[in-house]
Amino acid sequence: MTDNNTNHDSGAGAEGPDRVIGTPSPAGESLAGATATAHERRHEGPYPAVETHPRPEEMQRKGEKLAALWFLVAFLAGIGFFVSYFSFPPNAEGEPAIADPQTAQYANMLMGGTIALALFAIGAGMTVWARRVMPHYEVSSPYDELPSSPEEKGSFSDFFMQGAHESGFTKRPLMRRTLLLAMVPLGLAPIVLLRDTGPLPGDKLKHTMWEDGMRMVVEGTDRLIRASDLDEVGGMVTALPESHDPEHGLSLNDQAKTVVLLIKMDPADFSDEMTQQQLDWTHDGIVAYSKICTHVGCPAALYEQTSHRILCPCHQSTFDAANGAKVVFGPAHRALPQLPVRVDDEGYLVAAGDFSSAVGPTFWDAEKGD
Ligand code: FES
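Note that the structure is predicted; figures quoted are calculated from it, not measured.

J.: I'd like a description of the nonpolar core, backed by residues and values.
T.: Ranked by size, the top nonpolar core spans 37 residues in total, and within it V260, L262, A288, Y289, I310 and A321 carry the most contacts. The residues touching V260, leaving out its near neighbours within four places in the chain, are A239, A288, Y289, S290, K291 and L339. If you look at the next biggest cluster of nonpolar residues, it comprises 18 residues, including W70, A77, A121 and V133.

J.: Can you break down helix α5 (residues 173-193) residue by residue, with the values?
T.: Between its first and last C-alpha atoms α5 spans 31 Å; for 21 residues at 1.5 Å apiece the expected length is 30 Å, and the two agree. When we look at burial in α5, the residues that qualify are M175, T178, L179, A182 and P185. Where the residues of α5 are buried, they touch α2 (57-86) and α3 (101-133).

J.: Which residues make up the confidence of the model for the chain, and what values do they have?
T.: Of all residues in the chain, 83% attain a pLDDT of 70 or more, and the chain-wide mean is 82. Under a pLDDT of 50 for its full length, residues 1-41 has, in the predicted model, 39 contacts with residues more than four places off or in other chains.

J.: Tell me about the packing of α2 against α3, residues and numbers included.
T.: Direction vectors running N to C along α2 and α3 enclose 165 degrees, while the axes themselves pass 8 Å from each other. Taken together, the axis directions place α2 and α3 in an arrangement best described as roughly antiparallel. Judged by the twist between their axes, the crossing of α2 over α3 is left-handed.

J.: Could you give me a rundown of the pairing of strand β12 (residues 326-329), with the residues and numbers involved?
T.: Direction of pairing for strand β11 (residues 318-320) relative to β12: antiparallel, over a ladder of 3 bridges. Across the sheet, residue F319 finds its bridge partner in β12, namely V327. Between β11 and β12, which pair antiparallel in sequence order, lie 5 residues; one of them, G324, sits at a positive phi of approximately 70 degrees.

Procedures and definitions
Per chain, residue numbering runs from 1 following the sequence as it is written. Since the coordinates come from a predicted model, pLDDT governs what is reported: local features require at least 70, and pairs of side-chain atoms require 80 or more to be given and counted, while whole-chain, interface and lining totals use all residues. The nonpolar core is taken to be a set of buried Ala, Val, Leu, Ile, Met, Phe, Trp, Tyr and Cys residues joined by way of C-beta atoms within 7 Å. Whether a residue is buried, exposed or partly exposed follows from its count of other C-beta atoms within 10 Å of its own C-beta, namely 20 or more, 12 or fewer, or something in between, respectively; the C-beta atoms are built from the backbone. A pair of residues counts as a contact when their C-beta atoms, built from backbone coordinates, are within 7 Å of each other. Secondary structure elements are defined from DSSP: runs of H or I of at least 4 residues count as helices, runs of E of at least 2 residues count as strands, and each element is numbered from the N terminus. The length a helix should cover is 1.5 Å for every residue beyond the first. The pLDDT value tells you how sure the predictor is about a given residue, anywhere from 0 up to 100. Lines fitted to C-alpha atoms define the axes here, with helix axes fitted over just the stretch in contact, and angles between the N-to-C directions of these axes take values from 0 to 180 degrees. Roughly parallel means an angle under 35 degrees; roughly antiparallel, over 145; roughly perpendicular, 65 to 115; everything else is oblique. Throughout, a crossing is termed right-handed when the near helix is turned clockwise from the far one, and left-handed when it is turned anticlockwise from it by less than a right angle. When DSSP finds at least two bridges between two strands, those strands are taken to pair.

Pasting the structure below:
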């Protein structure tokens with residue numbers, strides 16, 4: 001479809017209007033006029049239109065069948081993609097089969113090949129549709145004012161529906177149905193592939209390995225911490241749970257989730273705003289907060305004892321250790337989770353449960369069930 005623009009402002013000289021760049025030459029105009037007389041005009045749009053490549057009904061019917069055949073091939077290839085995908089289930093240990101490089105090679109070849117064939121077949125079917133079924137028009141329109149007139153606006157929906165009808169989409173059910181059929185596996189494929197993003201985390205993000213009675217050690221050592229070790233107000237130590245695997249110790253993941261700041265405060269300095277439960281989670285002025293900043297997870301490792309502020313050096317989020325580690329400044333908007341602490345029979349400092357809320361950066365449902 002082409003537009004032949006006519007400049008109405010250029011005026012007409014004695015020899016006719018001046019030609020404007022981008023418009024057809026006079027020879028081209030006469031050719032279009034000749035074509036107009038050669039073919040029946042079927043297009044009922046607002047502008048003169050000439051069908052430049054007539055499609056006899058017989059040709060359209062054959063085109064419809066050929067396009068439908070391609071769409072069927074696309075559908076079967078799409079099904080083949082799913083068969084290839086589910087033919088390689090996880091092994092008995094629950095590992096994905098494609099963890100084996102040889103199997104992964106076959107699986108990728110099959111899945112890639114079938115999805116490529118499905119896409120190719122849809123493209124081929126649409127090409128056949130466009131070249132053998134859809135009408136091709138050459139439309140001439142004047143270079144009007146840019147805003148459409150009310151008549152043009154009013155005729156748009158009719159014009160659109162007519163185009164949809166002439167394209168064959170509405171009047172050729174075989175082609176339409178096979179196209180929709182071919183699109184089903186392609187539409188489902190991305191949803192099924194979500195399975196490979198792994199199992200849902202469940203509530204793993206909300207819990208750590210801390211549990212009641214678990215002793216604490218000074219980070220980087222195996223030295224257990226007694227409450228009496230923190231005898232000086234203002235003292236602070238970074239602590240982790242005691243590992244019972246002397247060979248490997250705690251995994252890096254567990255260390256990152258469980259690390260706490262143990263701070264010794266004067267019990268009289270705790271804010272009146274702290275709840276009784278938060279106070280019960282302390283022991284003789286010793287309070288434990290997650291060291292992982294709730295902004296984006298840097299270690300909030302700086303403690304200023306006179307103001308009781310815990311500072312994260314990354315973006316200056318500041319938390320009030322005397323008031324449940326509430327945010328007093330900076331981009332974090334969630335308090336550092338508090339770890340309940342107590343002392344066991346032997347005087348060692350132990351956790352009295354897990355953190356009060358999820359540790360680390362805030363995520364979309366981090367505060368559910370706090
Ligand atoms: S990570 Fe702590 S303030 Fe940004």
